[in-house]
Amino acid sequence: MKPIRKVVIPVAGHGTRVLPATKAFPKELLPVVDRPLIHYVVEEAFEAGIEHVVFVTGRNKAAIEDYFDHAFELETSLKEKGKVEILEDVQSSVFQPGQMSFTRQQAPAGLGHAIWCARDIIGDEPFAISLPDVIVRGAPGCLKQMVDQYNQVGGNMIAVEEVPREEVHKYGVIAPKSTDGRLMEMSGMVEKPAVEDAPSNFSIMGRYILQPEIFALLAKTGKGAGGEIQLTDAMAELLSQQQFFALNYEGESHDCGSKLGWMKANLAFGVDRPEFAADLKAFAKEL
Ligand code: G1P
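Figured I'd write up the structure that's included with this text. All figures in this text were calculated on a predicted structure; none of them were measured in a lab.

**With respect to the packing of helix H3 (residues 72-80) against helix H4 (residues 84-91)**
- Packing of H3 against H4 leaves a shortest axis separation of 8 Å and a crossing angle of 155°. Regarding the angle of H3 to H4, the classification is roughly antiparallel. Considering the relative orientation of H3 and H4, their crossing is left-handed. Contact residues: H3 offers Leu74, Glu75, Leu78 and Lys79, while H4 offers Ile86, Leu87, Val90 and Gln91.
- Residues that form the contact of H3 with H4 fall into these classes: 5 nonpolar, 1 polar and 2 charged.

**Here we look at the site of the ligand**
- Neighbouring residues of the ligand: Leu111, Leu131, Val134, Tyr171, Gly172, Glu191, Lys192, Ile204, Met205, Tyr208, Gln230 and Thr232.
- Between glutamate 191 and the ligand, the recorded distance is 2.7 Å, taken from a side-chain N or O atom to an oxygen atom.
- With the chains in place, 77% of the 380 Å² that the ligand exposes on its own is no longer accessible.
- The element contributing the most residues to the shell around the ligand is strand S11 (residues 202-210), with 3 residues.

**Some points on the nonpolar core**
- With 42 residues, the main nonpolar core has Ile9, Val32, Ile38, Phe55, Ile135, Met146 and Met157 as its most contacted residues.
- A total of 6 residues in this core trace back to one element, the largest contributor, which is helix H1 (residues 37-47).
- Not counting residues within four places of it along the chain, the set of residues in contact with valine 32 comprises Leu37, Tyr40, Ile135, Cys256, Trp262, Ala265, Asn266 and Phe269.

**Some words on the environment of asparagine 248**
- Note that asparagine 248 resides in strand S12 (residues 244-248).
- Separated by 14 residues in sequence, asparagine 248 and alanine 234 have C-alpha atoms that sit 21 Å apart.
- If sequence neighbours within four positions are ignored, asparagine 248 has contacts with Val160, Glu161, Arg182, Met184 and Phe202.

**Some thoughts on the packing of aromatic side chains**
- Applying the stated criterion across every chain, the model contains 7 aromatic pairs.
- Between tyrosine 67 and phenylalanine 68, the aromatic rings sit 5.1 Å apart at their centres with planes inclined by 80°, giving edge-to-face as the arrangement.
- Here tyrosine 67 falls in the partly exposed class, since its relative accessible area comes to 23%.
- With a relative accessible area of 2%, phenylalanine 68 lands in the buried category.
- Relative to phenylalanine 95, the ring of phenylalanine 68 has its centre 4.7 Å away and its plane inclined at 70°; by these criteria the two rings are edge-to-face. Here phenylalanine 68 is found in the loop between helix H2 (62-67) and H3, whereas its partner phenylalanine 95 is found in the loop between H4 and strand S5 (100-104), with 27 residues between them in sequence.

Conventions used here
- Residues numbered from 1 in each chain as written.
- Predicted model: local features only at pLDDT ≥ 70, side-chain atom pairs only at ≥ 80, totals over all residues.
- Heavy atoms only, no water.
- Axes fitted to C-alpha atoms, helices over the stretch in contact; angles between N-to-C directions.
- Helix = DSSP H or I, 4+ residues; strand = E, 2+ residues; numbered from the N terminus.
- Parallel < 35°, antiparallel > 145°, perpendicular 65-115°, else oblique.
- Left-handed = near helix turned anticlockwise from the far one by under 90°.
- Contact = heavy atoms within 4.5 Å.
- Nonpolar A, V, L, I, M, F, W, Y, C, P; charged D, E, K, R; others polar.
- Near = heavy atom within 4 Å.
- Polar contact = N/O pair within 3.5 Å; in protein donor to acceptor, adjacent residues only side chain to side chain.
- Areas by Shrake-Rupley, 256 points an atom, 1.4 Å probe, with all protein chains shown as cover.
- Core = buried A, V, L, I, M, F, W, Y, C linked by side-chain atoms within 4.5 Å.
- Buried < 20%, exposed > 50% of the residue type's maximum accessible area, 1.4 Å probe, protein only.
- Phe/Tyr/Trp six-rings, centres within 6.5 Å; stacked < 30°, edge-to-face > 60°.

In short, the description is geometric, and any link to function would need to be established separately.
What follows is the structure, given as structure tokens:
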């Protein structure tokens, strides 16, 4: 079984749900507490043993590239002023040489299309996908839980979690078939179903492990929900050809692509930080 070495992070989206906040900078750089969303997502991937990050970018996303590089003037100034802790924090997001790649999605044709743009960089090996709007609270992180399971069972895997029935229309939703602890086999999956058509309330939350055969399927996947090329449609096809699991992972996801989700994430990740916990809780109570 080939190990999971690479993750694809699609960052070409406009972030329309959080406008106007993201009018002039990438939504992936929205901060939660003191670091951008993308920082959490990359950290989660490295925890899972990922060695290489493939960003699928679009126009106006160059700041993401800069975030993961040295900021020489800033670092020199921090060093001169003896601000060692801040300096270390700033440097913690610098990648090793050759550890990241960038490819472009020139038009917003859908998540499936974005992933397909990474085909040549991924090549013929299984890989992970992490959606950058979603950050996960949980130890170990969601992707690590998935990779640990994948190393036992192989195949393809998506992380799922239960959502209120009336919210299924926002997500990809799976049809579970059998369950072994947190691991489920599926009979199908559907992108953004109407509540009455949803096969369950287990939503696809934004972490995937897929075999490279997905790329050939994506190449012939037509437009689906919302007029976009959907990853879920190609995965539904792959499910009929290969082993495919859903993992009801331990932890909670925060959709920071929505205003409410982002505000809640700041509270949740804020109270996880010992230096802010007591004050934040007291303030929330007072409010
Ligand atoms: C995407 C996926 C969907 C998944 C969701 C999780 O949708 O297509 O299957 O449930 O992310 O956030 P989007 O939110 O990009 O419309």
